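Listed here are the chains, written in short residue letters.
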Amino acid sequence: MSTHSASTSPLKYRSFLKWAGGKYRLTEQIGKVLPKRKSCLIEPFVGAGSVFLNSQFKRYILADVNPDLIHLFNIVKHDVESYIAQCRPIFFHPEANTAQYYYARRLEFNQSADPYLRSLLFLYLNRFGFNGLCRYNAKNEFNVPFGAYKTHYFPENELRYFAEKAQSAVFICQDFRKTFELANQDSVIYCDPPYAPIHQITNFTQYSSNNFNLSHQKELADLAKQTAEQHAIPVIISNHDTPFTREIYQNAKIKKVLVQRSISHSAEKRIKVNELIAIFK
């Protein structure tokens, strides 16, 4: 489904997934720093895919460490109509928007090893869980609580658009290091890693079942600089604007952005935070 605020504004496409920290609001600003002359966009942290959906490249290499996410994207890419048909009974069950039903589906998801069933339940849990979170515990069990939203939306149009756009993409489950190895002189790399903490009380962010800590942040920055120099291509990273990120991105051009963040159900509990876009080239 596309949305636009004025006749002169470009169409913007939403992901079919809710995603904490998703880049839908920033796609125009990110698009301005993505070079048009390159033919392949590489995303080592694809998340919900908002940058992919709102950019125009011939090819895409989209990676993430979360196997549930990558299985889901590949299933939608290969047969979206069958996927939509099999999601409907879960979404439109009379008790779909109840805590009892949600926790029963979450348990079913955690006990299943079938990628297709997990893909159906993943979308349900994503749309009915709290705040677009994707979180697993130490046992690799999905543990996001019920969202208790009054209304829900089945993202049928978004699924179809994603599937159409995905025909020019490959989705790979692997970490950022391996994904960077796929770059060549015809690529541009955009990274949306788990963000460094705004207040450095803790030294890691929980993402999938892996810890993405400050040493990983530094390693990513070093790899971005090295890859940009090696292939003479831009490598772009989004993150919080903090003294730590300023230090690790000191070799990059920095663009400041102000982003509105929702931290609860309540519209009053939305705050604006400073983020940055670091451009290595």
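Before reading on, note that the structure itself is shown above.
What you see is a predicted model, and the numbers here were worked out from it, not measured in a lab. Residue positions within a chain follow its written sequence, with the count starting from 1. The model is predicted, so local features are restricted to residues of pLDDT at least 70 and side-chain atom pairs to those at 80 or more, both for listing and for counting; the totals for chains, interfaces and linings are taken over all residues. With hydrogens and water excluded, all non-hydrogen atoms of the structure serve as input to the side-chain values.

Another aspect to go through is the overall build of the chain. Within the chain, the secondary structure is distributed over 10 helices and 11 strands. Between buried and exposed lies partly exposed: a residue is buried under 20% and exposed over 50% of the maximum accessible area for its type, with that area taken using a 1.4 Å probe on protein chains only. Burial statistics for the chain: of 281 residues in total, 52% are counted as buried. Long-range contacts, defined here as pairs at least 24 residues apart, represent 67% of the contacts in the chain between residues at least 6 apart. Here the chain has roughly 13700 Å² of accessible surface; of this, 51% comes from carbon and sulfur atoms. Each helix is a run of H or I in the DSSP string that is no shorter than four residues. Each strand is a run of E no shorter than two, and both are numbered from the N terminus. Residues are treated as being in contact if the distance between any of their heavy atoms lies within 4.5 Å. Only the protein chains shown count as cover for residues, and the accessible areas themselves come from Shrake-Rupley with a 1.4 Å probe.

So, on to the pairing of strand S4 (residues 59–64). When you tally the buried positions in S4, you get 5 out of 6 residues, the bulk of the element. Note: two strands are recorded as paired if DSSP finds a minimum of 2 bridges between them. Both strand S3 (residues 40–43) and S4 contribute to a ladder of 4 bridges, which runs parallel. Across the sheet, residue Glu43 finds its bridge partner in S4, namely Leu62. Relative to strand S5 (residues 169–173), S4 is paired through 5 bridges, and the arrangement is parallel. Paired with Tyr60 across the two strands is Ala169, which belongs to S5.

Keep in mind these values describe shape, not function.
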